[in-house]
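Coordinate analysis (summary)
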Amino acid sequence: MQGSSVHGAGNVLASTRMDHSFVVLPKQKSPAQGIPPRPRGGPTHYDTSTSGKAMEDSFVVLPPAAASMYKCESASDGGTHLPSSGGSPNGPLQPNNSGFHSSITVLKRAFDIATTQTQVEQPLCLECMRVLSDKLDKEVEDVNKDIKAYEACLQRLEGETRDVMSEADFLREKLKIEEEERRLEAAIEETEKQCVEVNAELKELELKSKRFKDMEERYWHEFNNFQFQLTRHQEERDAILAKIEVSQAHLEFLKRTNVLNDAFPIWHDGEFGTINNFRLGRLPKILVEWDEINAAWGQACLLLHTMAQYFRPKFPYRIKILPMGSYPRIMDSNNNTYELFGPVNLFWSTRYDKAMTLFLTCLKDFAEFANSKDQENNIPPEKCFKLPYKIENDRVENYTITQSFNKQENWTKALKYTLCDLKWALYWFVGNTNFQPLSAMVSSPAEVPAVSSLYTKQMTDSKSESRSKSNP
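Let us look at the structure shown here.

Conventions adopted
Residues numbered from 1 in each chain as written. Predicted model: local features only at pLDDT ≥ 70, side-chain atom pairs only at ≥ 80, totals over all residues. Heavy atoms only, no water. Patch = residues over 30% accessible without salt bridge, like charges linked within 9 Å, V, L, I, M, F, W, Y side chains within 5 Å. Areas by Shrake-Rupley, 256 points an atom, 1.4 Å probe, with all protein chains shown as cover. Salt bridge = Lys/Arg side-chain N within 4 Å of Asp/Glu carboxyl O. Lys, Arg positive; Asp, Glu negative; His and termini not counted. Charge placed at Lys NZ, Arg CZ, Asp CG, Glu CD. Helix = DSSP H or I, 4+ residues; strand = E, 2+ residues; numbered from the N terminus. Buried < 20%, exposed > 50% of the residue type's maximum accessible area, 1.4 Å probe, protein only. Pairing = 2+ DSSP bridges. Axes fitted to C-alpha atoms, helices over the stretch in contact; angles between N-to-C directions. Contact = heavy atoms within 4.5 Å. Parallel < 35°, antiparallel > 145°, perpendicular 65-115°, else oblique. Left-handed = near helix turned anticlockwise from the far one by under 90°. Phe/Tyr/Trp six-rings, centres within 6.5 Å; stacked < 30°, edge-to-face > 60°. Lys NZ or Arg CZ within 6 Å of the ring centre and 35° of its normal. Expected span 1.5 Å × (residues − 1).

So, on to a negative patch on the surface. Taken together, the side chains of E181, E185, E189, E190, E192, E197 and E201 present a region of like negative charge at the surface. Within the fold, E192 resides in helix α4 (residues 167-255). For E192, a relative accessible area of 49% translates into the label partly exposed.

Structural data, given as structure tokens:
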């Protein structure tokens, strides 16, 4: 294969039936003789010394189809033709097919066919051949090991005893297996039916599950809306309850508010009794203006008139009070009117004194009416209404209320006791009527005497203090 040219044509061996077609190749020299191997890039020229030597038994076996293809291509290229079935098997090639080109073509075709059959690219170098040989040796060794293992298994199987069934047992076993097969087939059919039913139920359950999910989603939407509305209603309810609570607190405050007591606050200022901070009376060292005295009488008349008007017609309002601001008047049972305002002369104040006396008479009549009301309500006699200072005609606790020929100190004390009796009547009125409930200071009608006693005690204490100051 490594010569530069081939002068002699190779012998082509062919049998009569062409069972194995092959092409004879020139024999290669040993690489030890210094001849380099043929490179894969292309053909290499042979040495001229080898041109005359005959090729000895170097050939490539071709399958019939490849050999016929080789014959056709070689004929078209003017190469070597395989001999026909009738030719001599050792006959030489025709002279016109000899030459360098035809030899290279034959070699190239042979190597291509060898590469196709062996899956290894041909030609091979010595090193590649050695590696391939080692690989083939290893494969042969592995195959031999497998063969030994199979032989050992075969010997072991041959050494085991074989329990060969009889024909009757085999038929019985066969019938049993066939029966089992039919039973299993029936079970499979039943299982398939059940599977179909289960699949149908599963689809139905999936539809129900989908409906349930839709219902659940709708439920949660409705629940959220309900929660929102409930929260809003609760907030509105809480706001309303808060307003109600504030209103009730305000109502309780208003219920505890004594309108008459707030409108007509009766107290004292030293030796003077006061109503709405207007002093009633005069002292030698303290000359109170008549305008202030008239205003105080106007407030007292308005208060007593309001209480008397409330109980009409049960209360026999014989002496009528005509409140006219700072110019009040008193009308007796004969419709005679008397002025209850000043200024008046100390020695000539008959009408003024008559008006003050009629005021005391009206206050006493109201006190007697209050006492009769308590008796009607089955209140114990010791708790029935009584004035703290007894009124007799024109006297209050032995102090005359007239101004004529009277000391100013006595007149002022009589006026102070009169306001005390009026305050006592005011507390009874508030505690026993719906005009206004009793104030926070008085919670029941039974406490009215105690409050009035406290007021009387305070006035007495102030009286004692004034005496101690005047008589050190």
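In this section: unusual backbone geometry. Cis peptide bonds are those with omega within 30 degrees of zero, and the linkage from R312 to P313 qualifies with 5 degrees. Of note, P313 is situated in the loop between α6 (290-310) and β6 (320-322). The linkage connecting G342 with the following residue, P343, adopts the cis geometry, with an omega of 5 degrees. With a phi close to 50 degrees, E397 is a non-glycine residue in the positive phi region. Not every positive phi belongs to a glycine, and F405 is a case in point at roughly 50 degrees. Take F405: it is sitting in the loop between β11 (399-400) and α8 (408-432).

Our next topic: the sheet that holds strand β7 (residues 329-331). Across the sheet, three strands lie side by side as β6-β7-β8; this open sheet has antiparallel pairing. Each edge of the sheet is formed by a strand with only one pairing partner; in this case those strands are β6 and β8 (337-339). Across the sheet, the mean angle separating the axes of adjacent strands is 25 degrees when strand polarity is ignored. Relative to β7, β6 runs antiparallel, the two sharing three bridges. Among the inter-strand pairings, L322 is bridged to a residue of β7, identified as R329. Sitting on the sheet, helix α7 (residues 350-376) touches β6, β7 and β8, and the angle it makes with β8 is about 110 degrees.

The contact between α6 and α7 brings their axes to 11 Å, and the two run at 30 degrees. Comparing their axes, α7 and α6 come out roughly parallel. The hand of the α6/α7 crossing is left-handed. Together, W290, I293, W297, A300, C301, L304, M307 and A308 of α6 and Y352, M356, F359, C362, L363 and F366 of α7 make up the contact between the two elements.

So, about the packing of aromatic side chains. Applying the stated criterion across every chain yields a total of 20 aromatic pairs. Taken together, a centroid distance of 5.3 Å and an interplanar angle of 85 degrees make the contact between Y310 and F429 edge-to-face. With Y310 in helix α6 and F429 in helix α8, this pair connects stretches of sequence that are 119 residues apart. On the accessibility criterion, Y310 (35% relative accessible area) is partly exposed. Given the relative accessible area of 0%, F429 is considered buried. Pairwise contacts between aromatic rings join Y310, F311, F315, Y317, F366, F369, F385, W428 and F429 into one cluster. Its guanidinium or amino end placed over the ring of F272, R279 lies 5.6 Å from that ring's centre, counting from NZ or CZ.

Taken together, three strands build an open sheet; the order of strands is β3-β4-β5 and the sheet is antiparallel. Each end of this open sheet is capped by a strand with a single partner; those strands are β3 (266-269) and β5 (278-280). The average undirected angle you get between the axes of adjacent strands in this sheet is 40 degrees. Sitting on the sheet, α6 touches β3, β4 (272-275) and β5, and the angle it makes with β5 is about 90 degrees. Packed onto the sheet, α8 meets β3, β4 and β5 and runs at close to 40 degrees relative to β4.

Our next topic: α8. When the terminal C-alpha atoms of α8 are compared, their 36 Å separation across 25 residues agrees well with the 36 Å that a helix rising 1.5 Å per residue should span. The element α8 is largely enclosed, with a buried count of 20 among its 25 residues.

Time to look at the pattern of salt bridges. Per the counting criterion, the structure on display carries 12 salt bridges. Residue E292 is joined to R279 by a salt bridge in which the shortest nitrogen-to-oxygen separation is 3.1 Å. Taken together, the residues E292 in helix α6 and R279 in strand β5 connect sequence positions 13 residues apart. Between D365 and R318 there is a salt bridge, and its shortest N-O distance comes to 2.8 Å. Here D365, found in helix α7, pairs with R318, found in the loop between α6 and β6; they are 47 residues apart in sequence, far enough to count as distant. Residue classification places D365 among the buried positions, given a relative accessible area of 15%. Classification of R318 as partly exposed rests on a relative accessible area of 44%. Salt bridges linked by common partners bring K364, K390 and E392 together as one network.

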